[in-house]
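The primary structure of each chain is shown beneath.
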Amino acid sequence: MQVKQLKVGNMDNFCYILFCSSTGKAAVIDPGSDEEMILSELSSLGLVLEYILLTHFHYDHTDMAASLRQRTGARVAIHEADASFYEKQVDEPLRDGDIIQVGQEIRLQVLHTPGHTPGGACYYGHGQIFTGDTLFVHDSGRTDFAYSHRPTLGASIRRIMELPEETILMPGHDYGPTPTSTLGQEKKHNINAVEYGFHKP
């Protein structure tokens, strides 16, 4: 699996292009802005977009999804608990444990990680996890919305931290000192590490 990390919009969002080098089939995670840049990257790499994977319904992660769907024919997928909040066409409502297959090389497991939103989801595979706003480098997503719940987010993050420590964290925003991290590093340095129970001072 090949991965390209793109900075999009004015909120330091990360959008990801994942592609199978043997088939040229691709998925985009969280196309929140800069549609033309995303399409240009797909074109320059000679890719065919099959999936638009959304980590949650917030507009800064989803704003270009419907247009990309219309222009490419790709399928939009979001966890079923966030589908009603998204209010646009969803082709594939997701559940915990679902597998997304893209081309021959890409196989991603859907992890339901609520707390920031009811249907927050991460995509895990090939030693990497794409976390949206569930987990950032050295921080985690907000829980001051009416539909958010901090203890639930803590449980989701504890679940993520059960994955191998060498797993590469691919966050939804460039809010930390580095654009990526590892779960092992986050166990030691995340501001919420002690509260969420994966590090003892």
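Scope of this entry: the structure provided in the associated data block.

About the cut-offs
- Residues numbered from 1 in each chain as written.
- Predicted model: local features only at pLDDT ≥ 70, side-chain atom pairs only at ≥ 80, totals over all residues.
- Heavy atoms only, no water.
- Core = buried A, V, L, I, M, F, W, Y, C linked by side-chain atoms within 4.5 Å.
- Buried < 20%, exposed > 50% of the residue type's maximum accessible area, 1.4 Å probe, protein only.
- Helix = DSSP H or I, 4+ residues; strand = E, 2+ residues; numbered from the N terminus.
- Salt bridge = Lys/Arg side-chain N within 4 Å of Asp/Glu carboxyl O.
- Pairing = 2+ DSSP bridges.
- 1 Å grid on protein atoms, 1.4 Å probe; cavity = no way out; pocket = protein on both sides within 12 Å on 5 of 7 lines; lining within 4 Å.
- Points joined across faces, edges and corners; volume = space filled by probe spheres on them.
- Nonpolar A, V, L, I, M, F, W, Y, C, P; charged D, E, K, R; others polar.

**Some details on the nonpolar core**
Move 1: Judged by nonpolar contacts, the single largest core of 22 residues is most densely connected at Leu-42, Ile-52 and Tyr-86.
Move 2: Taken together, the elements giving at least two residues each to this core come down to strand S1 (2–8), strand S2 (13–19), strand S3 (25–29), helix H1 (35–44), strand S4 (48–53), helix H3 (65–72) and strand S5 (75–79).
Move 3: One finds Ala-27, Ala-77, Leu-94 and Val-110 within the second-largest nonpolar core, a separate group that totals 19 residues.

**So, the pattern of salt bridges**
Move 1: Under the criterion given, the structure shown has 13 salt bridges.
Move 2: A salt bridge links Asp-174 to Lys-7, with the nearest nitrogen and oxygen atoms 3.1 Å apart. Taken together, the positions of Asp-174 in the loop between strand S13 (168–171) and strand S14 (181–182) and Lys-7 in strand S1 put the pair 167 residues apart, joining distant regions of the chain.
Move 3: Of the residues examined, Asp-174 reaches a relative accessible area of 24% and is grouped as partly exposed.

**Here we look at the pairing of strand S10 (residues 128–132)**
Move 1: With five of its five residues buried, S10 lies for the most part within the structure.
Move 2: The alternating pattern of S10 places Gln-128, Phe-130 and Gly-132 on one face and Ile-129 and Thr-131 on the opposite face, and all of these are buried.
Move 3: With three bridges connecting them, strand S9 (residues 121–125) and S10 associate as antiparallel partners. Pairing of Gly-125 across the sheet is with Gln-128, part of S10.
Move 4: Taken together, S9 and the strand that follows it, S10, pair antiparallel across an intervening segment of two residues, in which His-126 is found at a positive phi of about 55°.
Move 5: Of the pairings in the sheet, the one linking S10 to S13 comprises four bridges and is parallel in character. The residue bridging Gly-132 from the neighbouring strand is Pro-171, located in S13.

**Some remarks on unusual backbone geometry**
Move 1: Positive phi values are uncommon outside glycine, yet Asp-12 reaches one of about 55°.
Move 2: On the accessibility criterion, Asp-12 (35% relative accessible area) is partly exposed.
Move 3: For Asp-34, which is not glycine, the phi torsion reads 55° and is therefore positive.
Move 4: You can call Asp-34 partly exposed: its relative accessible area is 33%.

**Digging into the sheet that holds strand S8 (residues 106–112)**
Move 1: The sheet built from six strands is open, its strands ordered S7-S8-S9-S10-S13-S14 with mixed pairing. A single partner strand is all that each edge strand has here, and the edge strands are strand S7 (99–102) and S14.

**Remarks on the layout of surface pockets**
Move 1: Space inside the largest pocket adds up to approximately 170 Å³.
Move 2: Lining the largest pocket are Met-11, His-58, Tyr-59, Asp-60, His-116, Asp-133, Phe-136, Gly-141, Arg-142, Phe-145, His-173 and Tyr-175.
Move 3: Partitioning the lining of the largest pocket into residue classes produces five nonpolar, four polar and three charged.

None of this, on its own, says anything about what the molecule does.
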